[in-house]
Amino acid sequence: MVELQINTTQNVNINFTAASIGERILAYLVDWLIKIAYIIVVYQITFNLFKIDDAIRDLDTWSQITIILVFYLPVIFYSLIFETLLDGQTIGKRILRIQVVKIDGYQASLADFVVRWFFRIVDMNIMSGLVAIVAIVFSNRNQRLGDMTAGTSVIALKNKVNISHTILEDLKEDYVPTYPNVIKLSDNDARIIKETFTKAKEKRDYPTLIKLRKKLIEVVEIKEVKQKTDMEFIDVILKDYNYYTQNM
């Protein structure tokens with residue numbers, strides 16, 4: 001099991017589990033079953049029911065090939081179309097609950113999906129996909145060549161990150177902040193504060209909570225603490241930080 005650490009645009013490091021090679025192969029097979037079903041349906045409708053082959057019989061070879069390719073374009077561009085529309089997932093990936101993401105934390109763009117799709121020619125078609133399998137097995141991030149070039153990887157969504165794993169706080173719509181000076185903190189400060197706060201609460205480490213409160217009062221330059229306990233105070237600091245940074 002390969003762990004991926006992705007740094008989000010908010011400078012928050014989030015750990016994901018890379019999709020296994022088995023999950024990716026199963027998703028690939030599901031997608032191919034869908035493609036085959038499409039080919040069969042299109043063939044039955046266009047060539048058997050509407051007799052398109054009779055209509056194009058008098059055309060030159062290149063014209064016939066062009067018309068046939070038009071009908072099968074959805075198969076050729078299947079992964080590109082669905083990964084773009086479904087935010088990094090094909091139908092097979094959605095069923096297997098895996099998804100394409102950017103390693104740098106940004107959302108994958110159309111250009112990234114085009115690169116991945118283009119490199120399928122090498123990854124999937126040469127030696128019946130052996131190139132892709134070898135690349136994934138020997139890559140530190142379970143990446144095929146298309147992923148390496150596009151700066152993407154495929155993650156498993158079975159371990160979705162909870163808000164408690166980030167510096168984000170679940171704020172109510174009517175939340176009213178208390179300490180505007182929290183904007184003196186950085187994202188990295190807020191992450192360290194939350195990690196320390198969470199561990200101290202779990203272990204009932206009151207001396208650490210006291211030290212954390214005193215340090216926050218000093219750094220944020222708070223003249224009057226309005227909460228009764230250290231836990232309440234630190235919790236408000238984190239919520240205030242999120243309130244101001246999300247609404248800037």
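What you are looking at is a predicted structure, and each value in this text was computed from that prediction instead of being measured. (Residues numbered from 1 in each chain as written. Predicted model: local features only at pLDDT ≥ 70, side-chain atom pairs only at ≥ 80, totals over all residues. Heavy atoms only, no water.)

Turning our attention to the pairing of strand β3 (residues 98-102). Across the 5 residues of β3, 5 count as buried, placing the element largely inside the fold. What you see with β3 is no split at all: Ile98, Val100 and Lys102 on one side and Gln99 and Val101 on the other are buried throughout. By the bridge criterion, 5 bridges tie β3 to strand β4 (residues 152-156) in an arrangement that is antiparallel. Note on β4: the bridge partner recorded for valine 101 is serine 153. (Buried < 20%, exposed > 50% of the residue type's maximum accessible area, 1.4 Å probe, protein only. Helix = DSSP H or I, 4+ residues; strand = E, 2+ residues; numbered from the N terminus. Pairing = 2+ DSSP bridges.)

What follows is about the pattern of salt bridges. For the structure on display, the rule yields 9 salt bridges. A salt bridge links glutamate 83 to lysine 93, with the shortest nitrogen-to-oxygen separation between them at 3.1 Å. Highlighted residues: glutamate 83 in helix α5 (residues 78-85) and lysine 93 in helix α6 (residues 91-96), separated in sequence by 10 residues. Here glutamate 83 matches lysine 93 in class, with each residue buried. Residues participating in the shared-partner salt-bridge network are Arg24, Glu83, Lys93, Arg116 and Asp147. (Salt bridge = Lys/Arg side-chain N within 4 Å of Asp/Glu carboxyl O.)

What follows is about helix α1 (residues 21-49). Here α1 contains 29 residues, and its C-alpha end-to-end distance of 41 Å stays within 8% of the 42 Å for a straight helix at 1.5 Å per residue. For α1, the set of buried residues is Glu23, Arg24, Ala27, Asp31, Lys35, Val42, Thr46 and Phe47. Where α1 ends, the next residue or the one after it, lysine 51, has phi of about 55°, a positive value. (Expected span 1.5 Å × (residues − 1).)

Helix length check: helix α11 (residues 187-203), at 17 residues, gives a terminal C-alpha distance of 24 Å against a target of 24 Å (1.5 Å per residue), a fit within 8%. For α11, the set of buried residues is Asp187, Ala190, Arg191, Ile193, Lys194, Phe197 and Ala200. Phi turns positive one or two residues past the end of α11, at arginine 204, with a value near 55°.

Let us look at a nonpolar patch on the surface. Residues Ile25, Leu26, Leu29, Ile126, Met127, Leu130, Ile133, Val134, Val137 and Phe138 make up a contiguous nonpolar surface patch of roughly 920 Å² in combined accessible area. The set of elements that each furnish at least two residues to the nonpolar patch consists of α1 and α9 (130-138). Per element, the largest residue contribution to the nonpolar patch is 5 residues, and it comes from α9. Relative to the elements of secondary structure, phenylalanine 138 occurs in helix α9. With relative accessibility at 67%, the residue phenylalanine 138 sits in the exposed group. (Patch = residues over 30% accessible without salt bridge, like charges linked within 9 Å, V, L, I, M, F, W, Y side chains within 5 Å. Areas by Shrake-Rupley, 256 points an atom, 1.4 Å probe, with all protein chains shown as cover.)

Within the element layout of this structure, aspartate 147 appears in helix α10 (residues 145-150). Setting aside its immediate chain neighbours within four residues, aspartate 147 contacts Arg24, Arg116, Thr152, Ser153 and Val154. (Contact = heavy atoms within 4.5 Å.)

Bringing the packing of α11 against helix α12 (residues 206-220) into the picture now. The N-to-C vectors of α11 and α12 enclose an angle of 155°; their axes lie 9 Å apart at closest approach. When the interaxial angle is binned, α11 and α12 end up roughly antiparallel. Viewed along their axes, α11 and α12 form a crossing whose handedness is left-handed. Facing Ile193, Thr196, Phe197 and Ala200 of α11, the residues of α12 in contact are Thr208, Leu209, Leu212 and Leu216. Tallied by class, residues from the contact of α11 with α12 come to 6 nonpolar, 2 polar and no charged. (Axes fitted to C-alpha atoms, helices over the stretch in contact; angles between N-to-C directions. Parallel < 35°, antiparallel > 145°, perpendicular 65-115°, else oblique. Left-handed = near helix turned anticlockwise from the far one by under 90°. Nonpolar A, V, L, I, M, F, W, Y, C, P; charged D, E, K, R; others polar.)

Interpreting fine coordinate detail is not advised for predicted regions of low pLDDT. Mean pLDDT over the chain: 83, with 87% of residues reaching 70 or higher. A low-confidence stretch, residues 161-165 stays under pLDDT 50, and its non-local contacts, those more than four residues away or across chains, total 9 contacts. (pLDDT = per-residue confidence, 0-100.)

Before going further, it helps to spend a moment on the nonpolar core. With 19 residues, the main nonpolar core has Tyr179, Ile193, Leu216, Phe233, Ile234 and Ile237 as its most contacted residues. For this core, the secondary structure elements donating two or more residues are α11, α12 and α13 (230-246). Sequence-distant contacts of leucine 216, that is, excluding residues within four places in its chain, are made with Ile193, Glu221, Phe233, Ile234 and Ile237. (Core = buried A, V, L, I, M, F, W, Y, C linked by side-chain atoms within 4.5 Å.)

Further remarks concern unusual backbone geometry. A positive phi angle, close to 60°, is found at arginine 97, a residue other than glycine. In this structure, arginine 97 sits in the loop between α6 and β3. Assessed through its relative accessible area of 41%, arginine 97 is described here as partly exposed. At glutamate 221, a position not held by glycine, the phi torsion is positive, near 60°. If you trace the backbone, glutamate 221 turns up in the loop between α12 and α13.

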